[in-house]
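# Observations on the three-dimensional arrangement
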Amino acid sequence: MVEVKNISKSFGSVKVLDNVSATFKAGQVNLIIGASGHGKSVLAKCIVGLHEVDEGHVLYDGRDFSLMNRQERTEVRKEIGMLFQGSALFDSISVLENVIFPLRMFTQMSEEEMRERATFCLNRVNIIGKDDLLPAECSGGMQKRIAIARAISMNPKYLFCDEPNSGLDPKTSILIDNLIKELTYEYKMTTIVITHDMNSVMEVGDHVVFINSGQNWWEGTNKEIIKTTNEEVVSFVYASSFMKELREKLINN
Amino acid sequence: MNLFEHIGRYFLMLRSVFRKPEKMKVFRKRFFNEVDYIVINSIPLVAFLSIFMGAVISLQTASNMSSPLLPDYTIGYITRQSTILEFSPTIISLIIAGKVGSNIASEIGTMRITEQIDALEIMGVNSIGFLILPKILATLIFYPFVIIISMVLSIVGGWIAGVQSGLYSTEIYVYGIQYFWSEDYTGLYYALTKTVVFAFLLTSIPAYYGYYTKGGALQVGQSSTNAVVASSVAILLANYVLTQLILI
């Protein structure tokens, strides 16, 4: 479980996060949604420690990440897997070496064991026979799946996904969403996904946090979001006329 | 950011550079890759430049020696001194700062803007140490050998040019090269000290600019340019300070 308590973060005079609190439970796909520029990526970066919070606390299963020294944070980070928006694969090494990388850095596994584990992770995300390709030789969807394989290679307790569907077609997006969902349930991870893809919200949103103007505006499940009367959430989620019609039909049913 | 903020952040970065690597085996591999990438790959360019610059130094010296009071072996002596004291350590370092500096800044800068550095940090890797320490150590340890190669090749270049032009004989040139050599090693000590300092500057400064790149492709290009300019300026300043401290 990951908890954020009263987090605030400013860049210069601009307050990006204002007293945000939320709880992300283990074994669930937790979504952080919100319009662009409203602080959801900053919130995620504060949670993983890429940005230092100005105020508040981040707790990983009760361990206060904000109070930890570098060494303690490194230990927690070994339990974190992250899928970046642009995949962030190391472009000068092969697909297999990308997945092996965290194992090589932090485990005492033999070369054979590392290869076995990496191949297992790649197979798990349906990447087969692409070991020797460079990331640039793979499609966007494949790169995301390779990044997921790298993220799960160390058996993480916490999985962060920053806009996993950006730049992907709807079919591949659903594939990635389902993969994240399956892995979350399979490994009982605490998964936090930053997205503005409404398909993702409906498909995998066990728990949804809506961030607006740097504040936690709304929290609930994907079922509850259909019926919410919160104006900001409704105007964000049901922005298009098609979605508005869909919402009315869903409520009427 | 003003200059002082850059300098402060540069030294803060250096503090992280010299932390113990997470895994020595990985570090060793990266270290030797950097030796190959930065040092070995620079040797052909350095060799080419050194031979021709040595040749030009000796030919220019010979063509400007109109006084009959100056012995011919002065050509060898001047070529040796110019090469060891200034050309090989400083001019070659400035050229390598251009070649290697832009490379380092753009490599690390691209990793920054494509979130590869963030990925390293999330995994718990000290990204500064992981990316920069092997480059600095590889250059500190092996770059002086490149400069020694440059010194030798410049002198050889001077010999080839002079002898094939008929300006002086091999014996006279070699006598000039050996002149005062056994009595004073200050010049060589000065040159190699400079080389080590320049080696540090020409890797750490571009690494700094690359690491703190923000934005996109345009900013990577700017970082690369700034890195070359800043490391060249730093090399020239260090050259002046070290000359004052060691030779005067």
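Per chain, residue numbering runs from 1 following the sequence as it is written. A letter from A marks each chain and a number from 1 marks each ligand, given out in the order of writing. Only residues with pLDDT of 70 or above have their local features reported here, since the model is predicted, and side-chain atom pairs are shown and tallied only from 80 upward, although totals for entire chains, interfaces and linings are computed over all residues.

## As for the nonpolar core
Among the nonpolar cores identified, the biggest contains 124 residues, and A:Ile32, A:Leu43, A:Met82, A:Val99, A:Ala149 and A:Phe160 are the most heavily contacted of them. Per-element accounting of this core gives the leading share, 14 residues, to helix H6 (residues 127–165) of chain B. Segment limits for the domains were obtained from an automatic or database-derived domain assignment. The residues that make up this core include at least three from each of domain 1 (1–79 + 158–172 + 186–253) and domain 2 (89–155) of chain A. Placing C-beta atoms from the backbone, we regard two residues as in contact once those atoms come within 7 Å. The contacts of A:Ala149, once residues within four sequence positions are left out, are A:Val99, A:Cys121, A:Leu122, A:Arg124, A:Val125 and A:Ile127. Nonpolar cores are identified as sets of buried Ala, Val, Leu, Ile, Met, Phe, Trp, Tyr and Cys residues joined via C-beta atoms within 7 Å. Working definition of burial: number of other C-beta atoms within 10 Å of the residue's own, with buried at 20 or more, exposed at 12 or fewer, and partly exposed in between, all C-beta atoms being placed from the backbone. For the purposes of this entry, the term helix denotes a DSSP run of H or I that reaches at least four residues, the term strand denotes a run of E that reaches at least two, and both are numbered from the N terminus.

## Considering unusual backbone geometry
Within the chain, A:Asn19 stands out as a residue other than glycine whose phi angle is a positive 55°. Tracing the chain through its elements places A:Asn19 in strand E2 (residues 14–24). Using a count of 14 C-beta atoms within 10 Å as the deciding quantity, one classes A:Asn19 as partly exposed. Phi at B:Glu115 takes a positive value of approximately 65°, unusual for a residue other than glycine. If you trace the backbone, B:Glu115 turns up in the loop between helix H4 (73–113) and helix H5 (116–123).

## Details of the interface of chain A and chain B
Contact with chain A, which involves 15 residues of that partner, is made by 13 residues of chain B. Those elements giving two or more residues to the side of chain A that touches chain B turn out to be helix H2 (70–77), strand E6 (80–83) and helix H3 (95–106) of chain A. By residue number, the principal contributor to the side of chain A that touches chain B is H3(A), which donates four residues.

## Points about the pairing of strand E9 (residues 207–212) of chain A
Residue and element names in this part refer to chain A. Among the six residues that make up E9, five are buried, leaving the element largely enclosed by the rest of the structure. In this scheme, strands are said to pair when DSSP sees at least two bridges between them. As judged from the four bridges shared by strand E3 (residues 29–33) and E9, these two strands associate in the parallel manner. Counterpart to Ile-32 in the pairing with E9 is Val-209. Pairing analysis gives five bridges linking E9 to strand E10 (residues 215–220), with the strands arranged antiparallel. Counterpart to Val-208 in the pairing with E10 is Gly-220.

## With respect to the domain arrangement of chain A
By a widely used convention, the size of an interface equals the accessible area lost when the partners come together. Residue and element names in this part refer to chain A. Per the domain assignment, the segments making up chain A are domain 1 (1–79 + 158–172 + 186–253) and domain 2 (89–155). Centre-to-centre separation of domain 1 and domain 2, based on C-alpha positions: 27 Å. Listed per partner, the contact involves seven residues of domain 1 and seven residues of domain 2. Side-chain classes are defined by residue name, with Ala, Val, Leu, Ile, Met, Phe, Trp, Tyr, Cys and Pro counting as nonpolar, Asp, Glu, Lys and Arg as charged, and the others, Gly among them, as polar. Here the residues of the side of domain 1 that touches domain 2 sort into four nonpolar, two polar and one charged.

## Quick notes on helix H5 (residues 140–152) of chain A
All names here are of chain A. The span expected for a helix works out to 1.5 Å for each residue beyond the first. Helix length check: H5, at 13 residues, gives a terminal C-alpha distance of 19 Å against a target of 18 Å (1.5 Å per residue), a fit within 8%. Of all 13 residues in H5, ten are buried, a share of seventy percent or more. Burial in H5 covers these residues: Gln-143, Lys-144, Arg-145, Ile-146, Ala-147, Ile-148, Ala-149, Arg-150, Ala-151 and Ile-152.

## Looking at the sheet that holds strand E8 (residues 190–195) of chain A
Residue and element names in this part refer to chain A. Strand order in this open sheet of six strands is E6-E7-E8-E3-E9-E10, and the pairing throughout is mixed. Unpaired on one side and paired on the other, E6 and E10 mark the two borders of the sheet. On average, each strand axis in the sheet is tilted by 20° relative to the strand beside it, whichever way the strands run. All axes are obtained by fitting lines to C-alpha atoms, using only the stretch in contact for helices, and the reported angles, taken between N-to-C directions, cover 0 to 180 degrees.

## Looking at the sheet that holds strand E4 (residues 55–60) of chain A
Across the sheet, which stays open at both edges, the four strands sit in the order E2-E1-E4-E5 (chain A) with antiparallel pairing between neighbours. The strands lining the two open edges of the sheet, one partner per strand, are E2 and strand E5 (63–64) of chain A.

## A closer look at the environment of A:Leu133
Residue and element names in this part refer to chain A. Structurally, Leu-133 can be placed in the loop between helix H4 (111–124) and H5. As a C-alpha pair, Leu-133 and Glu-248 span 115 residues in sequence and 48 Å in three-dimensional space. Excluding residues within four positions of it along the chain, Leu-133 makes contact with Ser-94, Val-95 and Cys-138.

## A closer look at the confidence of the model for chain A
Known as pLDDT, the predictor's per-residue confidence is scaled from 0 to 100. Confidence in the prediction of chain A, expressed as mean pLDDT, is 88, and 100% of residues score 70 or more. The secondary structure element of chain A with the lowest average pLDDT is helix H10 (residues 241–252) of chain A, at 78, and the one with the highest is H3(A), at 93.

## Remarks on the pairing of E6(A)
Remember that side chains alternate between the two faces of the sheet whenever the strand is regular. Residues and elements named next belong to chain A. Burial along E6 is two-sided: Ile-80 and Met-82 and Gly-81 and Leu-83, pointing in opposite directions, are all buried. The pairing of E6 with strand E7 (residues 158–162) spans four bridges and is classified as parallel. Opposite Met-82, over in E7, you have Phe-160 as the bridge partner.

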